[in-house]
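# Notes for the structure review
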Amino acid sequence: MRHYSLAAPAKINLHLEILGDRADGYHELVMVLQGVSLADRIEIQAGSTQDIHFYCEHPDVPLGKENIAYQAAQLMCREYSQAYAQYGGLEISIEKHIPVAAGLAGGSTDAAAVLVGINLLWKLGLTQPELQTLANQLGSDIPFCLEGGTALALGRGEELSPLAGLDNMTVILAKHRNLYVSTAWAYQQYRQEYGESYLQQPETLEMGRKQAHSADLVSAIAQEDHTQIGQLLHNDLEKVVFPSYPQVEALKLAFQEQEEVLGSLMSGSGPTVFALCPSSTVAKEVVEAVKKQMNDPTVEFWITELTSTGIEVA
Ligand code: C5P
């Protein structure tokens, strides 16, 4: 029986800027997204019954419709009902390595892997733009997760322009165990506090895109200037997440105190904070120093690398 095993990398935001409201109720964003090597493993094969069977041992991962990867499988079954009838049901299992609900697009990358896996399993021959259209229907981060690498993302996050790949940087990810921040809550909170200054008209939004503060970071990436990249990291959602979750800000401050850290930022809507380091040796030293300084056993750390690959058959 044919069987596919896929690697689904996590992402961090090097830049997240909120411009205003979109007609569809989402926020209009300017982001710089970056894939990291820390990845989930997704196994897909035809099932024995005409159904979707979904497995994951991680206690925090829902196994039904609330899971975006499950929704990705449902979408494929709906869109390609003939292939679904021909090949039978699906067995999908997820080996979780990316922290759950952490601002690292863990669910989104699993969903992207499900799209790619079913395309292969059912021999649909969908092109990357066709997969992107499906990804876009499911969630804001999924189009990026399909491609991976380094990209400028506009709109809800689905209008992607690839940037020169960054490498030679190690990333530390850190988060408090059992601390979760709802993405919907973070955006809602931001709207409450800053909604008055939101851009709304298509012309002003277009102008906002042109004047976005990501431009300097984009040129630092083009020049591979790691020092500048570290200094230009920016995430608007820190303004609402930090006051409600001061422990997340404390983590960022602890990283910033380390001389060799190039820069530190909350990823997405948090609560993960990442720190960019020039090498894995430095990253290990920084983790030890921050552990000692924070003296909080609930903080977990991962050391990973920047990666230029998206969803890949493992
Ligand atoms: O698209 P995704 O499921 O990742 O978004 C989760 C929630 O975050 C949305 O329901 C919405 O409330 C908020 N969001 C937003 N604008 C975006 C992305 C997300 O308001 N561009």
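See the structure printed just above.
Remember, it's a predicted structure, so these values are computed and weren't measured experimentally.

### Focus: the overall build of the chain
When helices and strands are tallied, the chain shows 12 helices and 12 strands. Taking 314 residues into account, the globule formula puts the C-alpha radius of gyration at 20 Å, and the chain, at 19 Å, falls close to it. Expressed as lengths along the three principal axes of its C-alpha atoms, the size of the chain is roughly 60 × 50 × 35 Å. Counting every position in the chain, which comprises 314 residues, the buried fraction comes to 55%. Carbon and sulfur atoms make up 48% of the accessible area of the chain, which amounts to about 14000 Å² in all. The average position of the 19 basic charges and that of the 39 acidic charges among the side chains of the chain differ by 4 Å.

### Here we look at the pattern of salt bridges
The full count for this structure, using the stated rule, is 12 salt bridges. For Asp141, the salt bridge identified is with Lys11, shortest N-O distance 3.6 Å. Of this pair, Asp141 sits in the loop between α4 (128-138) and α5 (142-147) while Lys11 sits in strand β1 (residues 3-21), placing them 130 residues apart in sequence. Lys11 shares its class with Asp141; the two are buried. With its nearest N and O atoms 2.9 Å apart, the salt bridge here joins Glu159 to Arg209. On the criterion of sequence distance, the pair formed by Glu159 in strand β6 (residues 159-162) and Arg209 in helix α7 (residues 202-210) is long-range, its members being 50 residues apart. Connected through shared salt-bridge partners, Arg22, Asp24, Glu28, Glu159 and Arg209 make up one network.

### Focus: the layout of surface pockets
When its volume is computed, the largest pocket comes out at roughly 1200 Å³. Breaking the lining of the largest pocket down by element, the ones donating at least two residues are β1, β2 (27-46), α3 (106-121) and α6 (183-194). In terms of residue class, the lining of the largest pocket is built from 19 nonpolar, 16 polar and eight charged. Quantified by volume, the second largest pocket comes out at close to 240 Å³. Considering the residues around the second largest pocket, the lining is formed by Glu17, Ile18, Leu19, Ser197, Tyr198, Leu199, Gly208, Gln211, Ala212, His213, His234 and Asp236. If one sorts the elements of the lining of the second largest pocket by residue count, β1 sits on top with three residues. By residue class, the composition of the lining of the second largest pocket is five nonpolar, five polar and two charged.

### Overview of helix α8 (residues 215-222)
If you check which residues of α8 are buried, you get Leu217, Ala220 and Ile221. An end-on view of α8 places all buried positions within 100° of arc, on one side of the element. Exposed and facing more than 90 degrees away from the buried side of α8 are Asp216 and Ala222. Where the residues of α8 are buried, they touch β1, β2, β5 (150-155) and α9 (226-231).

### Quick notes on the packing of α3 against α4
At their nearest, the axes of α3 and α4 sit 10 Å apart, and the two run at 140° to each other. In terms of orientation, α3 lies oblique with respect to α4. Considering the relative orientation of α3 and α4, their crossing is right-handed. Between α3 and α4, the residues in contact are Leu115, Val116 and Asn119 and Leu131, Leu134, Ala135 and Leu138, respectively. The residue inventory of the contact of α3 with α4, partitioned by class, reads six nonpolar, one polar and no charged.

### Regarding the site of the ligand
As a structural note, the neighbourhood of the ligand is formed by Tyr26, His27, Leu29, Gly139, Ser140, Arg156, Thr183, Ala184 and Tyr187. Residue Ser140 places a side-chain N or O atom 2.7 Å away from an oxygen atom belonging to the ligand. Arg156 places a polar main-chain atom, nitrogen or oxygen, 3.5 Å from a nitrogen atom of the ligand. Starting from 450 Å² of accessible surface for the ligand in isolation, the protein chains cover 72%. Taking a 2 Å distance to the grid points as the criterion, the majority of the atoms of the ligand fall inside the largest pocket. Within the residue set of the shell around the ligand, elements represented by two or more residues are β2 and α6. Among the elements that make up the shell around the ligand, the one with the highest residue count is α6 (three residues). Tallied by class, residues from the shell around the ligand come to four nonpolar, four polar and one charged.

### Regarding helix α12 (residues 280-294)
A rise of 1.5 Å per residue sets the reference length of α12, with its 15 residues, at 21 Å; its end C-alpha atoms lie 21 Å apart and thus fit the reference within 8%. Those residues of α12 that fall on the buried side of the exposure criterion are Val282, Ala283, Val286, Val287 and Val290. All buried residues of α12 fall inside an arc of 140° around its axis, so they share one side. Across α12 from its buried face, at more than 90 degrees, point the exposed residues Thr281, Lys284 and Lys292.

### Some remarks on the sheet that holds strand β9 (residues 263-266)
Within the open sheet, the four strands sit side by side as β9-β10-β7-β11. Their pairing is antiparallel. Edge positions in the sheet fall to β9 and β11 (299-305), since each of these pairs with one other strand and no more. Strand after strand, the sheet turns through a mean of 20° between neighbouring axes, direction not considered. Pairing between strand β7 (residues 170-176) and β11: seven bridges, direction antiparallel.

About the cut-offs
- Note that residues are indexed from 1 along each chain, following the sequence as it is written.
- For this predicted model, a pLDDT threshold of at least 70 governs which residues receive local features, and a threshold of 80 or more governs which side-chain atom pairs are given and counted, while totals over whole chains, interfaces and linings are taken from all residues.
- As a rule here, side-chain values come from all non-hydrogen atoms in the structure, and water together with hydrogens is ignored.
- Working definition: helices are DSSP H or I runs of at least four residues, strands are E runs of at least two. Numbering for both runs from the N terminus.
- Every radius of gyration here is taken over C-alpha atoms, with the globule rule written as 2.2 Å times N^0.38, N being the number of residues.
- Throughout, exposure labels follow a simple rule: accessible area from a 1.4 Å probe, protein chains only, divided by the maximum for the residue type, with under 20% read as buried, over 50% as exposed, and the rest as partly exposed.
- Each accessible area is a Shrake-Rupley result for a 1.4 Å probe, and residues are judged covered by the shown protein chains and nothing else.
- Only four residue types enter the tally: Lys and Arg on the positive side, Asp and Glu on the negative side, with His and both chain ends excluded.
- Note on charges: their place is set at NZ of Lys, CZ of Arg, CG of Asp or CD of Glu.
- Salt bridges are identified by distance alone: a Lys or Arg side-chain nitrogen within 4 Å of an Asp or Glu carboxyl oxygen.
- Think of a 1 Å grid over just the protein atoms. A cavity is a set of points where a 1.4 Å probe fits yet cannot get out, a pocket is an open set with protein on both sides within 12 Å along at least five of seven lines, and lining residues have an atom within 4 Å of a point.
- Grid points are joined across faces, edges and corners, and a volume is the space filled by probe spheres set on the points.
- By the convention adopted, Pro, Cys, Tyr, Trp, Phe, Met, Ile, Leu, Val and Ala count as nonpolar, Lys, Arg, Asp and Glu as charged, and the other residues, Gly among them, as polar.
- An arc is given here, and it is the one of the directions from the helix axis to the C-beta atoms.
- Here, residues are in contact when the closest pair of their heavy atoms is within 4.5 Å.
- Interaxial angle, 0 to 180 degrees, is taken between N-to-C directions of lines fitted to C-alpha atoms, where a helix line uses only the stretch in contact.
- Any angle that is under 35 degrees is reported as roughly parallel, and any over 145 degrees as roughly antiparallel; angles of 65 to 115 degrees are reported as roughly perpendicular and all others as oblique.
- The sense of a crossing depends on the near helix, which, turned anticlockwise from the far helix by less than a right angle, makes the crossing left-handed and, turned clockwise, makes it right-handed.
- Each residue is tested against the molecule or strand, and it is near if at least one of its non-hydrogen atoms lies within 4 Å.
- The definition of a polar contact used here is a pair of N or O atoms within 3.5 Å, where within protein one atom must be able to donate a hydrogen and the other to accept one, and adjacent residues in sequence count solely through side-chain atom pairs.
- Each molecule is assigned to a cavity or pocket provided more than half of its atoms lie within 2 Å of the corresponding grid points.
- One fewer than the residue count of a helix, multiplied by 1.5 Å, yields its expected span.
- Pairing between strands is defined by DSSP: at least two bridges between them are needed.

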